[in-house]
Amino acid sequence: MPRIARSSSEELWRDESASPADRAADLVSRMTLEEKAAQLVGVWVGADSSGGGVAPLQQDLAADPIDWNAVTEHGLGQLTRPFGTAPVEPVAAAKSLALSQEHLVERSRFGIPALVHEECLAGFAAWRATAYPVPLAWGATFNPGLIQRMADTIGRSMRAAGIHQGLAPVLDVARDYRWGRTEETISEDPYLVATIGTAYVKGLEGAGMISTLKHFAGYSASRAGRNLAPVSMGPREFSDVLLPPFEAALRLGGARSVMHSYTEIDGVPSAADKALLTGILRDRLGFDGTVVADYFGIRFLERLHRVAEDGTAAAGLALNAGVDVELPTVDTFGSPLLEGVRDGRIEEALIDRAALRVLTQKISIGLLDEDWSPLPAGVESLELDTAEGRDLAELMARESLVLLANSEGVLPLAAGTRVAVVGPLANDPMAMLGCYSFPVHVGGKHPETPVGIDIPTVFEELRAGFSEVTHVPGCTVDGPGREGFGDAVDAAREADVCVVVLGDRAGLFGRGTSGEGCDASDLKLPGVQSELLAALLDSGTPVVVVLLAGRPYALGDAPSRAAAVVQGFFPGQRGGRAVADLLSGRFSPSGRLPVSIPRDPGSQPGTYLTAPLGAKSGVSDLDPSPAFAFGHGIGYSSFEWSGVREVEGRSDWEVDGEVTIEVTVTNTGVMQAADIVQLYLHDAAAQVTRPIQRLVGFARVELEPGESVRVALTVPADLTAFTGLDGELIVEPGAVELRVARSSDDIHTAVGLQLVGGLRRVGADRALTSVSTVTTAIRPELEGAL
């Protein structure tokens, strides 16, 4: 389907040898006000205003059915979620999208197609597309390379469907586990979020997609974990905890788009915050791409934040702050914006600036090249749930599962074990999926339509591997009924082992126990699941607890009473198989906690990233110590660590230099397994309070039984930087420790070092990550010669 031919011209915007910025500038100079404004909006043809929407207040803010001809009269900036709004056959959706693009090119005076965006947080959010684990599971893998592979696979499938922009990853650092969107965060640690998030960006961008970072910034720190609540946070915490992942994803990952947050910080909504979207994002971090609005976020300046008296004022505030594109559909950037320019309330130069950014991006991805085609090659064979995707989803699920405890050695289950599989999630395929997976995000609104992908449950997979397996739900996820407890306990007593599968039901805006708008008042398991667990623990049968959830939950005394505890974070469509394989011993679990597991449901939230006053003390009877610390996880093998040292034997560390810490890791067990070396920084004394320790490096190694490797972690002094008293980012001389650890509360060896030199200010060129290397195997008996 060739692009409609254009007449030849010497106009610069047609010259494909010119730079995208120069071509865009020439094009903007030739456009009318209406044509420029049309490039700054998306259109959501499939928006449903009936109630059960997929965006906040969609039922109130989604416009009446779109008049396609009228809204595209002067062109169009974006098309919103043509695959992700309703179940549509992939090939039919791609062809329909191509027809829409053809129409836009025909009607536009300059033949400009729309840029098309979709959600892709847990895979391409389209019907019959592979559903991957959620970001919290990505963090649990401690495997950036695997995440990059996943993002590349997702990106290639989206490009094949005619999509250009993916609204992912989420780089919010988890601050309060009660927040419903905790499942969308990668971790409570900014370094882990930065490295894993950057890997995702590299994969998506490397596949030819535009990656949109969200939510910039502070969204995860809302008061009391309530979605869209204000954020109470000082500039130092904001700079040192929340910004580093965005900085890394922009500088190291090459992300070309950013989505503003719904939140407000110190009374200034992000969509209207020029200091944030221009001063920090563009001037400080060097971003030169497009800033897109979170859905309806500009209208929220009027309706929710009440800093704008009408849509025109909201549009002016957002444009002035640095927002370039209004999503999901035309609203304040439509007639309110045009009226504002005509009556002098909004400067046309702001529209020119945004249009230049939008068109530069469109040109850079080839949308205005003569050989561009609206229909991707090979679309007739388009398949979104491939064997490659399913295999990758299964591998990710395996690496993300965390074995928290195995006190009785029940795991792995022996062949011939009689297994009772109990719990509300034991035979529920939706237990594997987060709220941004298509079957949850959209599919729930279309119960008449098949899920579209195969999602085996834990019960089904265990039944395939063991001869005697029974199943009793016991209760629902969040209902009050206890009438199923008796049958569940009876089933447990008649079995050798009881596997109880508990956790969350993902959903949106109150339709689940985890997900956007599904915030929790405390960290107790929803409904009566805790009571069911207690009854099973009293049955006398060893109980293996499997948690499939979107946030960490406090389990009370259950970890000390259970035979084993496995934590999964919505592990994707092959999660049930991964859980069954873990329980059966087909692999050694290697996941590590990306968030701490609280000890009590009410004494949290509190992450490990705390200053000394946030730790347990004698002046409060509330103990915030976790039941399982950040970074914790065990497996079926055993590892010996030895020979920890700074490679050059130095104790001094130049404030502008780097040091390398080495450790030998030996698999002393009987099966192939992976271990994760974690490196934490402890600052003995600083001019402002600092976290007791924070992650600054890690390395994942896979070893055969008896195999040894030397792991080296090279840490630039820039990673010790923090925001000092004067508000500048500094590396401060003084005593520090680099702690080689198995988790944040399991320190193997602390290497004392002295940062030497003068106080040093660091800027946008600072190093953001450590470098890990794994060298040839070393025989343990030679270790002393090092």
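Residues numbered from 1 in each chain as written. Predicted model: local features only at pLDDT ≥ 70, side-chain atom pairs only at ≥ 80, totals over all residues. Heavy atoms only, no water.

Undergrad: I'm lost on the overall build of the protein chain in this one. Help?
TA: Summing up its helical and strand segments, the protein chain has 22 helices and 27 strands in all. For 786 residues, the compact-globule estimate of 2.2 N^0.38 gives 28 Å, and the protein chain sits close to it at 27 Å. If you line up the protein chain on its principal axes, its C-alpha atoms span 75 × 65 × 50 Å. Across the 786 residues that make up the protein chain, the buried fraction comes to 62%. Considering only residue pairs separated by 6 or more positions, the protein chain has 80% of its internal contacts joining residues 24 or more positions apart. When the accessible surface of the protein chain is summed, it comes to about 27000 Å², and 49% of that surface belongs to carbon and sulfur atoms. Computing the positive centroid from 65 side-chain charges and the negative centroid from 103, the protein chain places the two 1 Å apart. (Helix = DSSP H or I, 4+ residues; strand = E, 2+ residues; numbered from the N terminus. Rg over C-alpha atoms; globule rule 2.2 N^0.38 Å. Buried < 20%, exposed > 50% of the residue type's maximum accessible area, 1.4 Å probe, protein only. Contact = heavy atoms within 4.5 Å. Areas by Shrake-Rupley, 256 points an atom, 1.4 Å probe, with all protein chains shown as cover. Lys, Arg positive; Asp, Glu negative; His and termini not counted. Charge placed at Lys NZ, Arg CZ, Asp CG, Glu CD.)

Undergrad: What am I meant to see in the sheet that holds strand β26 (residues 760-761) here?
TA: Strands in a sheet are paired, the pairing made by backbone hydrogen bonds, and the direction either parallel or antiparallel. Spatially, three strands are ordered β22-β23-β26 in an open sheet, and the strand pairing comes out antiparallel. Taken across any chain shown, the strands that pair with only one partner, and hence form the sheet edges, are β22 (722-723) and β26. (Pairing = 2+ DSSP bridges.)

Undergrad: I'm lost on the nonpolar core in this one. Help?
TA: It is characteristic of soluble globular proteins that their nonpolar side chains tend to be buried jointly. In this structure, Phe-216 and Leu-583 are the most contacted members of the largest nonpolar core, which totals 251 residues. With eight residues, the top contributor of residues to this core is helix α8 (residues 190-206). (Core = buried A, V, L, I, M, F, W, Y, C linked by side-chain atoms within 4.5 Å.)

Undergrad: Is there a simple way to think about helix α22 (residues 575-584) in this case?
TA: Residue pairs spaced three or four apart in an α-helix point in one direction, given the helix's 3.6 residues per turn. The element α22 is largely enclosed, with a buried count of nine among its ten residues. Residues of α22 that are buried include every one of Gly-575, Gly-576, Ala-578, Val-579, Ala-580, Asp-581, Leu-582, Leu-583 and Ser-584, and no others. Taken together, the buried residues of α22 touch α16 (387-400), α18 (458-465), β13 (497-503), β14 (543-548) and β15 (564-568). At the exit of α22 stands Gly-585, carrying a positive phi of roughly 85 degrees.

Undergrad: Could you clarify how one ought to interpret the pattern of salt bridges in this entry?
TA: A side chain with one charge can pair with a side chain of the opposite charge if their charged atoms come near. Counted according to the given criterion, the structure contains 51 salt bridges. We note a salt bridge from Arg-14 to Glu-11, for which the minimum N-O separation is 3.1 Å. For the salt bridge of Arg-766 with Glu-247, the shortest nitrogen-to-oxygen distance reads 2.7 Å. Taken together, the residues Arg-766 in the loop between β26 and β27 (771-775) and Glu-247 in helix α10 (residues 244-251) connect sequence positions 519 residues apart. As far as the burial class goes, Arg-766 and Glu-247 line up, both buried. (Salt bridge = Lys/Arg side-chain N within 4 Å of Asp/Glu carboxyl O.)

Undergrad: Would you mind showing me how to read the state of the cysteines here?
TA: By definition, a disulfide links the sulfur atoms of two cysteines through a covalent bond. Using the criterion set out here, one finds zero disulfides in the structure. Free of any disulfide, Cys-120 has its nearest cysteine sulfur in Cys-435, 14 Å distant. A disulfide-free cysteine, Cys-435 has its sulfur positioned 7.3 Å from the sulfur of Cys-518, the nearest such atom. Exposure remark for Cys-435: the relative accessible area of 0% places this residue in the buried category. (Disulfide = S-S within 2.5 Å.)

Undergrad: Could you clarify how one ought to interpret the packing of helix α7 (residues 144-160) against α16 in this entry?
TA: When two helices pack together, you describe them by how their axes are tilted relative to each other and by the distance separating the axes. Interaxial distance between α7 and α16 falls to 11 Å at its minimum, and their mutual angle equals 150 degrees. The orientation of α7 relative to α16 falls into the category roughly antiparallel. Here the hand of the crossing between α7 and α16 comes out left-handed. Listed contacts from α16 to Leu-146, Ile-147, Arg-149, Met-150, Thr-153 and Arg-156 of α7 are Glu-388, Gly-389, Leu-392, Leu-395, Met-396 and Glu-399. Classifying every residue of the contact of α7 with α16 by side-chain character gives six nonpolar, two polar and four charged. (Axes fitted to C-alpha atoms, helices over the stretch in contact; angles between N-to-C directions. Parallel < 35°, antiparallel > 145°, perpendicular 65-115°, else oblique. Left-handed = near helix turned anticlockwise from the far one by under 90°. Nonpolar A, V, L, I, M, F, W, Y, C, P; charged D, E, K, R; others polar.)

Undergrad: Before we go on, may I ask you to explain α8 in this structure?
TA: In this model, α8 (17 residues) spans 23 Å end to end at C-alpha, consistent with the 24 Å of a helix rising 1.5 Å per residue. Within α8, 15 of the 17 residues are buried, leaving the element largely enclosed by the surrounding structure. The N-cap of α8, judged by a side-chain oxygen 2.9 Å from the amide nitrogen of Tyr-191 a few residues on, is Asp-189. Backbone geometry just after α8 places Gly-208 at a positive phi near 95 degrees. (Expected span 1.5 Å × (residues − 1). Polar contact = N/O pair within 3.5 Å; in protein donor to acceptor, adjacent residues only side chain to side chain.)

Undergrad: Explanation requested: the sheet that holds strand β5 (residues 210-216) in the structure shown.
TA: The sheet built from seven strands is open, its strands ordered β1-β2-β3-β4-β5-β6-β9 with parallel pairing. Both edges of this open sheet fall to β1 (42-43) and β9 (290-292), since each of them pairs with a single strand only. Strands in contact with α10 are β5 and β6 (257-260); relative to β5, the strand with the most contacts, it is inclined by about 165 degrees.

Undergrad: Got a minute to help me understand a negative patch on the surface in this structure?
TA: Taken together, the side chains of Glu-10, Asp-15, Glu-16, Glu-370 and Asp-371 make up a negatively charged region of the molecular surface. The class of Glu-16 is partly exposed, set by a relative accessible area of 41%. (Patch = residues over 30% accessible without salt bridge, like charges linked within 9 Å, V, L, I, M, F, W, Y side chains within 5 Å.)

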